[in-house]
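Structural description and commentary
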Amino acid sequence: MDRTLFLNERPGLSVRRDGPSLWIDQPGSAGRRVPVRLIRRVLIAGNVTLDTESLTVFAERGVPVTLLGRNGQAVAMVVSCASGLFARRGLQVGAIEYSSVRERIVSWLRAWERGRRLALAARLDSATAARWRCTGVRTVDYEQWVQRLGRLRGAALRQRRLFHAAVGTLILDRIVEAGWDPHVGTIHRGEPLGFVKDCTMAIRADADQLWLEQGRLADQTSAALSLDVAESFERHRSRLVRLLGRLLDQYGELLREP
């Protein structure tokens, strides 16, 4: 099993470790036991009572944890610092020391970014896609287009940030699983989680696709992390995993090219 654990701020909600499982208590409903071995990534929105043993077991198993503010913005990502976790770090560091390799990786990431933007436009707005193929697509043009479609579809900006955070957490999970160091970026060189930011930039349009296709969510409560966002992300997760698999495979090939 491969699950994302979504924890949203609720009165009385608490999570603690209970042996090989988490025990989740919430007033008004029966407690729930979730085996830790089933959890691959965690998103926590707002103020959730979580014991340090739970965080420790996530770190021991290499499970990334993303902390979200009440506005849906990702404010921190927590990942294990266990030695040997990032088996390919030397290859990353060694490769980007050469300007020719750095330039090749930057061009490749930008090509992914353009390609995913065009794919989204072709899916939702063929006229815009045709224009972008002829003239190119600047980030400012893409942002204006995405936000205009979001307004037309009644999609809340907070949900956009939540989808971006969920996809970012999945990216961190896949990077660590593949043995790459999430901090060794190329475009975001020298920044914390630089490689995660590089990959997030490359497939940002796919997170926007989840947001735009979801449109106006049925769950319009004040909850920071709505059930609709979690369910939509999980429905599309396998497709995103395949996409990230191609991205990371190509990255490895680029680093090994002479």
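Look above for the structure.
Concerning the overall build of the chain
A count of helical and extended segments in the chain gives nine helices and eight strands. A compact globule built from 258 residues would reach a C-alpha radius of gyration of about 18 Å, and the chain, at 19 Å, matches this within 12%. Summarising its shape, the C-alpha atoms of the chain cover approximately 60 × 45 × 30 Å along the three principal directions. For the chain, the residues scored as buried account for 47% of the 258 residues in total. Contacts spanning at least 24 positions in sequence make up 65% of the contacts within the chain whose residues lie at least 6 apart. For the chain, the exposed surface amounts to about 12,500 Å²; the carbon and sulfur share of it is 50%. One finds the centroid of the 40 positive side-chain charges in the chain at a distance of 4 Å from the centroid of its 28 negative side-chain charges.

Describing the pattern of salt bridges
Per the stated rule, a full pass over the model turns up 19 salt bridges. Among the ionic pairs, Arg-138 bridges to Asp-141, the shortest N-O distance being 2.9 Å. Take Asp-141: its relative accessible area is 24%, and that puts it in the partly exposed class. By sharing partners, the salt bridges in this structure join Arg-40, Arg-41, Asp-173, Arg-174 and Glu-177 into a single network.

Focus: the sheet that holds strand 8 (residues 74-78)
Spatial ordering of the open sheet is given by 1-5-7-8, a layout of four strands whose pairing is mixed. Either end of the sheet is taken by a strand with one partner, and the two such strands are strand 1 (3-8) and strand 8. Pairwise comparison of adjacent strand axes, ignoring direction, gives a mean angle of 15° for this sheet. In the sheet, strand 7 (residues 65-68) pairs with strand 8 via four bridges, with the strands oriented antiparallel. Within strand 8, the position partnered with Val-65 by the bridge is Val-78.

Topic: the sheet that holds strand 3 (residues 21-26)
One open sheet holds the four strands; their spatial order is 4-3-2-6, and the pairing between them is mixed. Looking at the sheet topology across the chains shown, the edges are occupied by strand 4 (29-35) and strand 6 (49-50). Pairing of strand 2 (residues 14-18) with strand 3, which is carried by five bridges, proceeds in the antiparallel orientation. Directly across from Val-15, in strand 3, lies its bridge partner Ile-24. Its contacts with the sheet place helix 1 (residues 52-60) against strand 2, strand 3 and strand 6, and it is angled at close to 60° to strand 2.

Digging into the packing of aromatic side chains
For any pair of aromatic rings, the description rests on two quantities: the centre-to-centre distance and the angle between the ring planes. Applying the stated criterion to the full structure yields seven aromatic pairs. Note on Trp-180 and Tyr-251: the rings are 5.1 Å apart at their centroids and 75° apart in plane angle, and the pair reads as edge-to-face. One end of the pair, Trp-180, is in the loop between helix 6 (157-177) and helix 7 (194-202); the other, Tyr-251, is in helix 9 (residues 227-256), with 71 residues separating them in the sequence. With respect to class, Trp-180 is no different from Tyr-251; both count as buried. An aromatic cluster of at least three residues, connected via ring pairs, comprises Trp-108, Trp-180, Phe-195 and Tyr-251. The positively charged end of Arg-88 is found above the aromatic ring belonging to Trp-180, 4.7 Å away from the centroid.

Considering a nonpolar patch on the surface
Among the surface-exposed residues, Leu-67, Val-75 and Val-78 lie close enough to one another that they form a single nonpolar patch of about 230 Å² accessible area. Summarising the element assignment, Val-78 is placed in strand 8.

Some words on the packing of helix 3 (residues 99-124) against helix 4 (residues 126-135)
As a packed pair, helix 3 and helix 4 sit with axes 6 Å apart at the nearest point and diverge in direction by 145°. When helix 3 is examined against helix 4, the residues Arg-117, Leu-118, Ala-121, Ala-122 and Leu-124 are found in contact with a partner set consisting of Ser-126, Ala-129, Trp-132 and Arg-133. Split into classes, the residues belonging to the contact of helix 3 with helix 4 amount to six nonpolar, one polar and two charged.

Rules of the game
- Each chain carries its own residue numbering, running from 1 in the written order of its sequence.
- The model is predicted, so local features are restricted to residues of pLDDT at least 70 and side-chain atom pairs to those at 80 or more, both for listing and for counting; the totals for chains, interfaces and linings are taken over all residues.
- In computing side-chain properties, one takes all heavy atoms of the structure into account and sets aside hydrogens as well as water.
- Each helix corresponds to a stretch of at least 4 residues labelled H or I by DSSP, and each strand to a stretch of at least 2 residues labelled E; elements are numbered beginning at the N terminus.
- Two things to know: the radius of gyration comes from C-alpha atoms, and the globule rule equals 2.2 Å times the number of residues to the power 0.38.
- Any residue under 20% of the maximum accessible area for its type is buried, any over 50% is exposed, and the rest in between are partly exposed; the area is computed with a 1.4 Å probe on protein chains only.
- Working rule for contacts: check all heavy atoms of both residues, and any pair within 4.5 Å makes them a contact.
- All accessibility values rest on the Shrake-Rupley procedure with a 1.4 Å probe; residue burial counts only the protein chains present in the view.
- Charged residues are defined narrowly, with Lys and Arg counted positive, Asp and Glu counted negative, and His plus the chain ends left uncounted.
- Positions of charges follow a simple convention, taking NZ of Lys, CZ of Arg, CG of Asp or CD of Glu.
- Counted as salt bridges are all cases of a side-chain nitrogen of Lys or Arg within 4 Å of a carboxyl oxygen of Asp or Glu.
- Pairing between two strands requires that DSSP report at least two bridges joining them.
- Geometry is summarised by axes, namely lines fitted to C-alpha atoms with helices restricted to the contacting stretch, and by angles between N-to-C directions that run from 0 to 180 degrees.
- Here a Phe, Tyr or Trp ring, Trp counted by its six-membered ring, pairs with any other such ring whose centre lies within 6.5 Å, and the pair is stacked when the planes are under 30 degrees apart, edge-to-face when over 60, and tilted otherwise.
- Over a ring means this: the NZ of a Lys or the CZ of an Arg is within 6 Å of the ring centre and within 35 degrees of the ring normal.
- Here the term patch refers to residues with relative accessible area over 30% and no salt bridge, with like charges joined within 9 Å and nonpolar side chains (Val, Leu, Ile, Met, Phe, Trp, Tyr) within 5 Å.
- Classification convention: Asp, Glu, Lys, Arg as charged; Ala, Val, Leu, Ile, Met, Phe, Trp, Tyr, Cys, Pro as nonpolar; all other residues, Gly among them, as polar.

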